[in-house]
Amino acid sequence: MSNGLSVHTLLNALQSVLPPEHSFLPLHEPRLNGNEWTYVKECLDTGWVSSVGKFVDRFEEELAAYTGVKRAVAVVNGTAALHVCLLLAGVKAGDEILMPALTFIATANAISYCGAIPHFIDSEESTLGVDPFKLNRYLEEIAELRAGGCFNRLTGHRIKAIVPMHTFGHPVDLDPLVNICRRFDITLIEDAAESLGSFYKGRHTGQWGLLSALSFNGNKTITTGGGGAILTNDEDLGLLAKHITTTAKTPHRWKFNHDMIGYNYRMPNINAALGCAQLEQLPDFLTAKRDLAERYRKAFTEIPGISFFSEPANSQSNYWLNALLLDEGHAGRRDAFLEATNNAGIMTRPVWSLMNKLPMFTDCPKMDLSVAESLERRLINIPSSAILGRGMANA
Ligand SMILES: *Cc1c(COP(=O)(O)O)cnc(C)c1O
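Residues numbered from 1 in each chain as written. Predicted model: local features only at pLDDT ≥ 70, side-chain atom pairs only at ≥ 80, totals over all residues. Heavy atoms only, no water.

### Points about the domain arrangement of the protein
Applicable threshold: Delimitation of the domains relies on an automatic or database domain assignment. A contact between two residues is defined here by any heavy atoms of the two lying within 4.5 Å. Throughout, the accessible surface (probe 1.4 Å) given up by two parts as they are put together, summed over both, is called the buried area. Salt bridges are defined as contacts in which a side-chain nitrogen from Lys or Arg sits within 4 Å of a carboxyl oxygen from Asp or Glu.
Once the domains are mapped, the protein shows domain 1 (7-32 + 282-388) and domain 2 (36-279). Here domain 1 and domain 2 have C-alpha centroids that lie 25 Å from each other. At the junction of the two partners, domain 1 supplies 44 residues and domain 2 supplies 50 residues. Carbon and sulfur atoms supply 68% of the area buried between domain 1 and domain 2, which totals about 4,000 Å² over both sides. Counting across the interface, domain 1 meets domain 2 through two salt bridges. A salt bridge links Asp368 to Lys134, with the shortest nitrogen-to-oxygen separation between them at 2.6 Å.

Structure (structure tokens):
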């Protein structure tokens, strides 16, 4: 094409950053070269593989220290973490929960588990996350403060909470969002599943929500095989999170007493052993991932028609998944790019389908989603594993 953006140009730019000889490069592969083997062997040797053991406590303490919250509770996956965050925030059946249309399905699923209704809001291009200013205008139109909280005047449902998501590890603009939550009496819960190692104004993501959720799925920045965590600065909610995710059993040497409906969501010790080993390497993963992002950024600066997505102002991102954004005029060529890169052994993917387009959510309330719709057409994720960053390859 005359403006220079061809499949060939795109492939060249990617190949200038990626290793010269490679088999298929996935989007994000785990790296397990630390103490994983030692710690898992310890679980096997001692028989402490399941629901209790020292690695769970250690993992929770180290996560809380790293993310700067008072309490972290390790659970089976990020979706379960979100589910419990919503329950403990007091979300009830019939409540509307604000969430970005542009997110992974887990956010909407967790809301549905509570019998609540996802209410889809738009994103902004500078963060890829919810747009606080557009949201503010929207709430001024549709929201009404009554005795029981914030209500949607159009549907009559209570708007109980908002679940922003830090897309690909890039923090949303939290300060204005916190103000909106105060003004409209809406509880903030962060879906920080993708943002372990990402900071907003110097503080770790997950500190702003009453409760927040992390994920340690196999493709996330660190992995426990499968896993997640609930973060909170509220000591009582922290204790309750531990209680409700461990079948709500009251402590006794032999009696089975349960004082509420609980969940078997605890993270097994063998998974926490992986988590402890992975956390030790997190600083190195982050350095490598930021190095990779910087090299992608340079490789794409001169190319018209496409840009590498860089961390928003005021933020330090973990660059969990790197993203390219086509200009609107080139959006129609996205699938040709996906085809060519995957054929060349470089895994690329479009972003998730917007939640409001999925059959189970088509009737949910939503605002104008024009920015999310545009991002959905133009976004391409590219390989992002820590091993592709400098300093990791020979470690
Ligand atoms: C990964 C992820 C989750 C949690 O997923 P699990 O696979 O259940 O750990 C939640 N929200 C988002 C946005 C995610 O990317």
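### Regarding the sheet that holds strand β11 (residues 228-232)
Strands pair in a sheet through their backbones, by hydrogen bonds, and they do so in one of two ways: parallel or antiparallel. The criterion, for reference: By definition, two strands form a pair when at least two bridges between them are found by DSSP. A run of DSSP states H or I qualifies as a helix once it reaches four residues; a run of E qualifies as a strand once it reaches two. Both are numbered from the N-terminal end. Lines fitted to C-alpha atoms define the axes, with helix axes restricted to the stretch in contact, and inter-axis angles between N-to-C directions lie between 0 and 180 degrees.
In space, the seven strands of this open sheet follow the order β1-β11-β10-β7-β6-β2-β3, with mixed pairing throughout. Of all the strands in the sheet, just β1 (71-75) and β3 (117-121) have a single pairing partner and so form its edges. Taking each pair of neighbouring strands and ignoring which way they run, the sheet shows an average axis angle of 25°. Pairing of strand β6 (residues 159-162) with strand β7 (residues 187-191) involves two bridges; the strand directions are parallel. What sits directly across from Ala161, in β7, is Thr187. Contacting β6 and β7, helix α7 (residues 174-184) runs over the sheet at an angle of about 145° to β7.

### Here we look at the packing of helix α2 (residues 36-46) against helix α9 (residues 269-301)
Here is the rule: The scheme is simple: roughly parallel for angles under 35 degrees, roughly antiparallel for over 145, roughly perpendicular for 65 to 115, oblique for anything else. Each helix crossing is assigned a hand: it is left-handed if the near helix lies turned anticlockwise from the far helix by less than a right angle, otherwise right-handed if that turn is clockwise. For this scheme, ten residues count as nonpolar: Ala, Val, Leu, Ile, Met, Phe, Trp, Tyr, Cys and Pro. Four count as charged, namely Asp, Glu, Lys and Arg, and the remainder, Gly too, count as polar.
Two elements in contact, α2 and α9, have axes whose closest approach is 8 Å; the angle formed by their N-to-C orientations is 160°. Classified by the angle between their axes, α2 and α9 sit roughly antiparallel to one another. Both α2 and α9 take part in a crossing whose hand is right-handed. Seen from α2, the contacting residues are Glu36, Tyr39, Val40, Cys43 and Leu44; seen from α9, they are Asn269, Ile270, Ala273, Leu274, Cys276, Ala277, Gln278, Glu280 and Gln281. Residue composition of the contact of α2 with α9, by class: nine nonpolar, three polar and two charged.

### Some details on the side chain of Asn322
Secondary-structure assignment places Asn322 in strand β14 (residues 322-326). Ignoring sequence-local partners within four residues, the contact set of Asn322 consists of Leu292, Ala293, Tyr296, Phe308, Ile380, Asn381, Ile382, Pro383 and Ser384.

### Points about the nonpolar core
Our working rule: Only buried Ala, Val, Leu, Ile, Met, Phe, Trp, Tyr and Cys residues count toward a nonpolar core, and they belong to the same one when joined by side-chain atoms within 4.5 Å. Each residue is placed in one exposure class: buried if its accessible area under a 1.4 Å probe, protein chains only, is under 20% of its type's maximum, exposed if it is over 50%, and partly exposed if it falls in between.
The biggest cluster of nonpolar side chains holds 74 residues, and the ones touching the most others in it are Leu86, Leu135, Leu139, Ile162, Phe168, Ile186 and Ile230. Ranked by residue count, the leading element in this core is helix α4 (residues 78-88), at seven residues. Apart from residues no more than four positions distant in its own chain, Ile162 is found in contact with Leu98, Ile121, Leu135, Leu177, Cys181, Ile186, Thr187, Leu188 and Ile189. Membership of the second largest hydrophobic core comes to 30 residues, among which are Val69, Ala72, Ala273 and Phe285.

### Section: the sheet that holds strand β16 (residues 379-382)
One open sheet accounts for four strands, arranged β12-β14-β16-β15; its pairing is antiparallel. A strand with exactly one partner marks an edge of an open sheet, and here the two such strands are β12 (306-308) and β15 (349-350). Pairing geometry for β15 and β16, over two bridges, is antiparallel. The residue of β16 that forms the bridge with Pro350 is Ile380. Across the sheet, helix α10 (residues 334-343) is in contact with β14, β15 and β16; its angle to β16 comes to roughly 15°.

### Re helix α6 (residues 132-142)
How we decide: By the criterion applied in these results, polar contacts are pairs of N or O atoms within 3.5 Å in which, for protein atoms, one can donate a hydrogen and the other can accept it, and in which residues neighboring in sequence qualify only through two side-chain atoms.
Listed in full, the buried residues belonging to α6 are Pro132, Lys134, Leu135, Asn136, Tyr138, Leu139 and Ile142. Residue Asp131 occupies the N-cap position of α6, its side-chain oxygen lying 3.0 Å from the main-chain nitrogen of Phe133.

### As for the site of the ligand
Convention followed: Here a residue counts as near a molecule or strand whenever at least one of its heavy atoms sits within 4 Å of it. Cavities and pockets are defined on a 1 Å grid built over the protein atoms alone: a cavity is a set of grid points where a 1.4 Å probe fits but cannot escape, while a pocket is an open set with protein on both sides within 12 Å along at least five of seven lines, and lining residues are those with an atom within 4 Å of any such point. Assignment of a molecule to a cavity or pocket requires that more than half of its atoms lie within 2 Å of the corresponding grid points.
Lining the immediate surroundings of the ligand are 15 residues, of which Gly78, Thr79, Glu194, Ser215 and Lys220 lie closest. Note that an oxygen atom of the ligand is positioned 2.7 Å from one of the backbone N or O atoms of Gly78. For the ligand, an oxygen atom lies 2.5 Å from a polar atom in the side chain of Glu194. In this structure, the ligand is accommodated by the largest pocket. A total of three residues in the shell around the ligand trace back to one element, the largest contributor, which is α4. Class assignment of the residues belonging to the shell around the ligand gives a composition of five nonpolar, seven polar and three charged.

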